[in-house]
Every structure is written in C-alpha cells, then in structure tokens.
Amino acid sequence: MHFTTHPGMEAFHPLAADADVSPEELAVAQATCTLALGRLDGLLVGLTDAEKRLFCVGLLREVLLSALTQAGFADAEHQFNAWFAGLDRGPQETPLTACSAYAVVRALLGELSHHPWEPLADAAQTIALAARFGADRPMQAEDALADDAIGRALTLMEQAGADDEPPLPFAGLARLYALLRADPLFAPLERAVQIRSLGNRTVAIEQAAPRTPLWAVDASLGRLLTACGAWQLALPCPGAVTAETLQPQLWPGERALVSARTLHASATRLAELVAKARQRAALMREHLGHLRSSARAPQVWILLAGFAPLGLDQMTSACGISRRGTYAIGDALVTAGIARRASIKGKVLLVAEAPRRDRLSAPLDHALALPHPALAEFDAAMGEIDRLLAGSSGHPDAASRALGVYEK
C-alpha cells in the first residue's frame, strides 16, 4: 500500500524527473539489449535436437511461472509442481487477479501449441497432455478472458510493426507501448483510494491496482522482434513488458530506457536457459547415451529435468508409454542416478536428480567439514573398533576397550 497525507497527491515514481534521460544513457541501454538479442539468436542456431527440446520445456516453465506471477498469483512457484501433477490446489486467487490460474495456463499452452517453431509447439503439446491442472475443474466463463488477452496482444503486435525499418526493435517497442497505454485491456488501472480519519488528520490509503494481462503481451512479443528483423524465432519474452513501463508520468526517454532494460533482462534469462539445456543434454548423453534411439527414457527425463516431476499416468499420457513401460523407464533413470522416485500424497512421482558424482563432488560446508588429520584419526579408530569387535564375541571387556578407542 502507498500512504499520502493529501488525497490529491500522487505516489512518487523513482523515474519521475524534471528532465528526460540523456541520449548517451539510452544509447548504452539499447546497445546492451541489442547485443543480448543477437547473442541469444546465435546460441539458438547451434542447438542440437536434444538441446532444443530441453530448452523448450524450460522456456515453457519460465513462461507459465512468469505469467502467473505477473497475473497476481504470489504463490505460483511454490504450488506449481504439485498442481501440475494434480496433487494440490492451484495458485491462490486474490483481488488483484482478473482470471483463474487455470485460465492463464490453458490459454498459454493452447497458443504456444501452434507456435511456428516446431520444437516449441511440440513441447507445448506434450506438456498439455501431461498436465493435471484443474483436472476436475469445468470450463468457466472467465476462461475466455485469457483467450481474449492473447488475441488482443497479437493484434497489437501487428499494428506496432512497420516495414523498411532497421533490424532494431526499439521503434516498434515505442509504438507498442503507445498502443498498450491506450488499450482498455492493458492500460494500467488506477489505484483504489480509501479516505480514513486518524484523529484530527485525514489520510488517503492507496491500494494496489488489479493486474492487467501483460503476460499475454510477453507471450506474443517475439512476433514483433522477428517482424523487424531483430530475431529469427518469435519466442515468448517472459518478464519483458512491465506495468512500470506504461506509467503515464514517464518521459519518452525514460520509457524507452525501461523497456530496453526489461527486454535485455528477458533475453539474458533465455540465454541462461540455453546454457542449462546444453548442460542437461551433456548429462543425458553421458548417462543415457547407451540406450537405443527409440528409447523413451530420454524423452521422459527431458520433461523431468526441464519442466516438473511426473506421475506414471502423466508419462502414459504425454509419451504414449504403457503402464508397464513407465516402471521400466523409471528403473532405468533411477539406476542411472539422474532420477528418483518420491511418494507425495499417496502418488508416486519421478523426480529429476543430480548424478551421485555431482552431489559427492559438491563442496562441503566448511563449518561442518573435518580437517584431513581428524578424518584419518577417525577412520583409524573406526577400523580398530571393527577389528576388536570382530574378535570379541562373548568378551565384553574387549568390546569396552574398543569403544574406549572411539571415545578418545
């Protein structure tokens, strides 16, 4: 909440100033953003098929969690895995949320299932088959709000595009933000103000405004970037469009600065997902490379590692595996040391896990680690105990002496 002592006052915005930002500062931000976009484009070109699949499922998780958070579901990340497996409720709705979490997820998966980049479309279709989001929830009228948001966002992307522009996104972004600020669906809503009397003073209490569905703009922003030539693939850009950028008190340069910074942060996050996909693909080759090309274990592990834990029924739905086949795949992944079985609320889930070698090689907490001489002395004492106890059957005095070695 924001507190003011006069009802007519506006909350101070950190970027509100008497003058616009300098051209130099804006140029640096836009150059940094352009470099991040080009770097990501180059990283995506060099991906193998397995790396593409791992990147896409990781991107889908990022898109869904970012959208739910932007829509006002504060506990989305905490609830996501159990909700995906059908074991718990969805993220909690609040007065800030315009529609249900289920509606947001269903609309995004439906839109991305028809994405022009085939690996992303395939990944979205697989996740939709595996999902147990709202398995017992009937369709509701509010679900159409999420579909309308995506449809409206796509329309604005077309309107913001222009021909004969350099392969930079910033002119298109400026047009897009102007359209968003004028659009009744996406324009920031005013805060509700309550007037309270505290003794002999009147205080205006500004409450948080309901969220507008900017997550739909994030999901469609890649179309604008490809239209101007900044990108080859029209990928979603989670977190690239924020309500801060739409605030009316910003100068044009300030707005352009914020939009460049948020787009740069989104592109950087996608580049991190690429790096993570490559690491996971190398791990998969190391532990599952001996399997036949038709084996389903790698396909299941990609979902586990990149998206979320899976139940046996989810594997059956998403990968077309028989019930018996799910046990064999689970055994193969557990034996390889890259997954484990976990029982949650009476349901067995397969969970991705770091290989034992990686866990053992992880640095120990220095506060808990013993120095090498102490470890050697401890090992010697334990060996002495084992030797004495092995020859002390029926001789309690020998056993006592052995325990005395340990106590020292």
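Chemist: Explain the overall build of the protein to me, please; I cannot follow it from the model alone.
Modeler: The helix and strand inventory of the protein stands at 15 helices and six strands. By the burial criterion, 45% of the 408 residues in the protein qualify as buried. Residue pairs in contact within the protein that sit at least 24 positions apart in sequence constitute 66% of those at least 6 positions apart. Total accessible area computed for the protein in this model is approximately 21300 Å², and 56% of it derives from carbon and sulfur atoms.

Chemist: Sorry if this is basic, but what is going on with the pairing of strand β5 (residues 339–344) here?
Modeler: Residues in a regular strand point their side chains to alternate faces of the sheet. Two strands pair when backbone bridges link them, and β5 and strand β6 (residues 347–352) are joined in this way by six bridges, in the antiparallel orientation. Bridge pairing links R341 to L350 in β6.

Chemist: In this structure, what is going on with the pattern of salt bridges? I would like to understand it.
Modeler: When the charged atoms of two side chains lie near each other, side chains of opposite charge can form a pair. Applying the stated criterion across every chain yields a total of twelve salt bridges. With a shortest N-O distance of 3.5 Å, D88 and K345 are connected by a salt bridge. Taken together, the positions of D88 in the loop between α3 (76–84) and α4 (101–112) and K345 in the loop between β5 and β6 put the pair 257 residues apart, joining distant regions of the chain. Given the relative accessible area of 32%, D88 is considered partly exposed. K345 sits in the exposed class, given a relative accessible area of 61%.

Chemist: What should I look at first to understand α4 in this one?
Modeler: An α-helical segment advances 3.6 residues per turn. Residues three or four places apart therefore align on the same side. The end-to-end C-alpha separation of α4 is 17 Å, in line with the 16 Å expected for twelve residues at 1.5 Å each. With nine of its twelve residues buried, α4 lies for the most part within the structure. Among all positions in α4, only A101, Y102, A103, V104, V105, A107, L108, L109 and L112 are buried.

Chemist: Can you help me understand the nonpolar core in this one?
Modeler: Looking at soluble globular proteins, one finds that nonpolar side chains tend to be buried together. Judged by nonpolar contacts, the single largest core of 107 residues is most densely connected at F55, W215, L221, V300, W301 and L333. Top element by residues in this core is helix α9 (residues 252–288). It accounts for 13 residues. Once you skip the residues sitting within four places of it in the chain, F55 turns out to touch L44, L47, W117, L235, L270, L273, V274 and A277. With five residues, the next largest nonpolar core counts A85, L87, A342 and V351 among its residues.

Chemist: Please clarify how the pairing of β6 should be interpreted in this entry.
Modeler: Pairing of strand β4 (residues 310–311) with β6 involves two bridges; the strand directions are antiparallel. Bridge pairing in β6 places L310 opposite L350.

Chemist: Whenever I open this one, the sheet that holds β4 confuses me. Can you help?
Modeler: The strands making up a sheet associate through backbone hydrogen bonding, with each pair oriented either parallel or antiparallel. Strand order in the open sheet formed by three strands is β4-β6-β5, with antiparallel pairing between adjacent strands. Each edge of the open sheet carries a strand with a single partner, namely β4 and β5.

Chemist: In this structure, what is going on with the packing of aromatic side chains? I would like to understand it.
Modeler: If you walk through the whole model with that rule in mind, you get six aromatic pairs. A ring pair is formed by W83 and F133, whose centres lie 4.3 Å apart and whose planes are at 55°; its orientation type is tilted. Of this pair, W83 sits in helix α3 while F133 is found in the loop between α5 (118–130) and α6 (143–160), placing the two residues 50 residues apart along the sequence. Both residues of the pair, W83 and F133, count as buried. An aromatic cluster is present here, built from F80, W83, F84, F133 and F307 joined pairwise through their rings.

Chemist: Whenever I open this one, the packing of α6 against helix α8 (residues 214–227) confuses me. Can you help?
Modeler: Relative placement of two packed helices is described by the angle separating their axes and the distance separating the axes. At their nearest, the axes of α6 and α8 sit 8 Å apart, and the two run at 35° to each other. Where α6 crosses over α8, the two elements pack in a sense that is right-handed. Each of A146, A149, I150, A153, L154, M157 and A160 in α6 lies in contact with α8, whose residues at this interface are W215, A216, V217, S220, L221, R223 and L224. For the contact of α6 with α8, the per-class residue count stands at twelve nonpolar, one polar and one charged.

Chemist: Explanation requested: α5 in the structure shown.
Modeler: Along its 13 residues, α5 runs 18 Å from first to last C-alpha, staying within 8% of the 18 Å computed at 1.5 Å per residue. Inspection of α5 places L120, A121, A123, A124, T126, I127 and A130 among the buried residues, and these make up the whole buried set. Residues of α5 that are buried make contact with α2 (49–70), α3, α4, α10 (297–306), β4 and α11 (312–319).

Chemist: What's the story with the environment of L288 in this structure? I'm lost.
Modeler: Locating L288 in the fold gives a position in helix α9. For L288, a relative accessible area of 4% translates into the label buried. A sequence separation of ten residues divides L288 from P298, and the C-alpha atoms of the two residues are 6.9 Å apart.

Chemist: Would you explain the side chain of T326 in this entry?
Modeler: Position of T326 among the secondary structure elements: in helix α12 (residues 323–335). Residue T326 is classed as buried on the basis of its relative accessible area of 1%. With residues near it in sequence (within four places) discarded, T326 still touches L312, M315, T316 and I321.

Chemist: What's the story with the confidence of the model for the protein in this structure? I'm lost.
Modeler: Interpreting fine coordinate detail is not advised for predicted regions of low pLDDT. For the protein, per-residue confidence averages 83 on the pLDDT scale, and residues scoring 70 or more make up 77% of the total. Low pLDDT, under 50, characterises residues 358–375; the stretch is placed with five contacts to residues that sit more than four places away or in other chains. pLDDT under 50 marks residues 393–408. Its contacts with residues more than four places away, or in other chains, come to twelve contacts.

Chemist: I keep staring at the packing of helix α7 (residues 170–182) against α9 and nothing clicks. Help me out?
Modeler: It is the contact of α7 with α9, at a shortest axis distance of 10 Å, that shows an interaxial angle of 110°. Between α7 and α9, the crossing angle belongs to the class labelled roughly perpendicular. Here F170, L173, Y177 and R181 of α7 lie close against α9, whose contacting residues are R255, S259, A260, T262 and L263. Across the contact of α7 with α9, the residue classes tally to five nonpolar, two polar and two charged.

Rules of the game
- Residues numbered from 1 in each chain as written.
- Predicted model: local features only at pLDDT ≥ 70, side-chain atom pairs only at ≥ 80, totals over all residues.
- Heavy atoms only, no water.
- Helix = DSSP H or I, 4+ residues; strand = E, 2+ residues; numbered from the N terminus.
- Buried < 20%, exposed > 50% of the residue type's maximum accessible area, 1.4 Å probe, protein only.
- Contact = heavy atoms within 4.5 Å.
- Areas by Shrake-Rupley, 256 points an atom, 1.4 Å probe, with all protein chains shown as cover.
- Pairing = 2+ DSSP bridges.
- Salt bridge = Lys/Arg side-chain N within 4 Å of Asp/Glu carboxyl O.
- Expected span 1.5 Å × (residues − 1).
- Core = buried A, V, L, I, M, F, W, Y, C linked by side-chain atoms within 4.5 Å.
- Phe/Tyr/Trp six-rings, centres within 6.5 Å; stacked < 30°, edge-to-face > 60°.
- Axes fitted to C-alpha atoms, helices over the stretch in contact; angles between N-to-C directions.
- Left-handed = near helix turned anticlockwise from the far one by under 90°.
- Nonpolar A, V, L, I, M, F, W, Y, C, P; charged D, E, K, R; others polar.
- pLDDT = per-residue confidence, 0-100.
- Parallel < 35°, antiparallel > 145°, perpendicular 65-115°, else oblique.

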